[in-house]
Amino acid sequence: MKLYAPRYYKNFKCIADKCEHSCCIGWEIDIDKKALLKYKKLKDGYGNIIADTISMDDTPHFKLVENERCPHLDEHGLCKIITNVGEEYLCDICREHPRFYNYTSIAEVGLGMSCEEAARIILSSSDYDAFEYIGEVDAEEDFTDFDGLTERGKIYKILRQEKNYKSRLEEIYSKYQIDFGNDETWLEILDSLEYLDQKHKDLFKNYSSKNRPSGKTQNEYLERFLAYLVYRHTTEAFDYEDFLLRLSFCLFCERLLASLICSKGAKELSEVATLSRIISEEIEYSEDNTEALM
Ligand code: SF4
């Protein structure tokens, strides 16, 4: 099956020891069957250390150590599995992060916003609607009657128009008959979510559909953030109703970022990337939270 990616995809490289919010801290990493088998065959040296770090409770995973660090993360932010036994011993999650895949009549890969380097690349790339063929992938076509690729293209077409961002957004809301909903209700839902960091719960209390920055660059970041969400969440919709639900979710996350930009006075790329990363890790990367908001 043909695999496509946004043009900016090829610019990604994990910044490892330079990463301030490493994905190897704070997340429990599940180990897939294939990797588990490989670790079992590694009898000596670092293989013994790996064996000691695996918990078989529920889904096999690495037991986090102090400060919720992956046990294989060294003091320089490098992975000791790679440095001791090689990259081919990484489990699927570690090899793939921060990538995600869309399967429709074609396969697509993207970069997830929860990674700070990915967030920086996505928000600084204006060509979010340019895709490139990057190879083949072993997967089956996923046929549904609904064509999420075409519908996504229509949203990108609106976003690409030569008028201000606010008007383009209004056109999307009006075309798909989506409204902001009630701020109080959204705030109640935000309050009920599960959070990795309780400080983010307080941060999200700044949500208001009335808050929107006026700066040109801030709006460009918001446009790219929305385009990313649409790419990630609407493409695999199985019917029009499902598409609308997913699009409403994307638009809510965009409004949340707009609110946070205003409350924090964020202007620089690094500031907006941080806020985008927080929304992504707290909402997008939690199935329960995504479901609650959809
Ligand atoms: S969050 Fe991104 S840049 Fe940071 S360690 Fe993970 S993959 Fe690398």
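Residues numbered from 1 in each chain as written. Predicted model: local features only at pLDDT ≥ 70, side-chain atom pairs only at ≥ 80, totals over all residues. Heavy atoms only, no water.

**Re the overall build of the protein**
Working step 1: The helix and strand tally for the protein stands at 13 helices and 6 strands.
Working step 2: For 294 residues, the compact-globule estimate of 2.2 N^0.38 gives 19 Å, and the C-alpha radius of gyration of the protein, at 20 Å, lies within 12% of that figure.
Working step 3: C-alpha atoms of the protein, sized along the principal axes, occupy 65 × 45 × 30 Å.
Working step 4: Here the protein, with 294 residues, has 47% of them falling under the buried criterion.
Working step 5: In the protein, 74% of the contacts between residues at least 6 apart in sequence involve partners at least 24 apart.
Working step 6: Accessible surface for the protein amounts to roughly 15,500 Å². Of this, 48% is attributable to carbon and sulfur atoms.
Working step 7: With 38 positive and 57 negative side-chain charges, the protein shows a separation of 4 Å between the mean positions of the two kinds. (Helix = DSSP H or I, 4+ residues; strand = E, 2+ residues; numbered from the N terminus. Rg over C-alpha atoms; globule rule 2.2 N^0.38 Å. Buried < 20%, exposed > 50% of the residue type's maximum accessible area, 1.4 Å probe, protein only. Contact = heavy atoms within 4.5 Å. Areas by Shrake-Rupley, 256 points an atom, 1.4 Å probe, with all protein chains shown as cover. Lys, Arg positive; Asp, Glu negative; His and termini not counted. Charge placed at Lys NZ, Arg CZ, Asp CG, Glu CD.)

**A closer look at the sheet that holds strand E6 (residues 131-136)**
Backbone-to-backbone hydrogen bonds join strands into a sheet, with any given pair of strands oriented parallel or antiparallel.
Working step 1: The 4 strands lie next to each other as E4-E5-E1-E6, forming an open sheet whose pairing is mixed. Unpaired on one side and paired on the other, strand E4 (99-103) and E6 mark the two borders of the sheet. Direction aside, neighbouring strands of the sheet carry axes that sit 30° apart on average.
Working step 2: For strand E1 (residues 2-6) and E6, the ladder comprises 5 bridges, and the chain directions are antiparallel. Within the sheet, the bridge partner assigned to Leu3 lies in E6 and is Gly135.
Working step 3: Sheet contacts for helix H10 (residues 216-233): E1, E4, strand E5 (107-111) and E6; angle to E4, the most-contacted strand, approximately 55°. (Pairing = 2+ DSSP bridges. Axes fitted to C-alpha atoms, helices over the stretch in contact; angles between N-to-C directions.)

**Let's talk about the pairing of E4**
Working step 1: Only one face of E4 is covered, namely the one carrying Phe100 and Asn102; the face carrying Arg99, Tyr101 and Tyr103 has none of its residues buried.
Working step 2: Pairing between E4 and E5: 5 bridges, direction antiparallel. From the neighbouring strand, Tyr101 faces E5, where its bridge partner is Val109.
Working step 3: Linking E4 to E5, which pair antiparallel, is a turn of 3 residues.

**Description of a negative patch on the surface**
Working step 1: A cluster of acidic residues, Glu194, Glu287, Asp288 and Glu291, forms a negative patch at the surface.
Working step 2: When you line up the elements, Glu287 lands in helix H13 (residues 287-293).
Working step 3: Under the relative-accessibility criterion, Glu287 is labelled exposed at 69%. (Patch = residues over 30% accessible without salt bridge, like charges linked within 9 Å, V, L, I, M, F, W, Y side chains within 5 Å. Salt bridge = Lys/Arg side-chain N within 4 Å of Asp/Glu carboxyl O.)

**Looking at the pattern of salt bridges**
Working step 1: Overall, the coordinates contain 22 salt bridges when judged by the stated rule.
Working step 2: A salt bridge links Glu220 to Lys216; its shortest N-O distance comes to 3.0 Å. Of the two residues, Glu220 and Lys216 both sit in helix H10, 4 residues apart, roughly one turn of that helix.
Working step 3: Assessed through its relative accessible area of 65%, Lys216 is described here as exposed.
Working step 4: With a shortest N-O distance of 3.8 Å, Glu220 and Arg224 are connected by a salt bridge.

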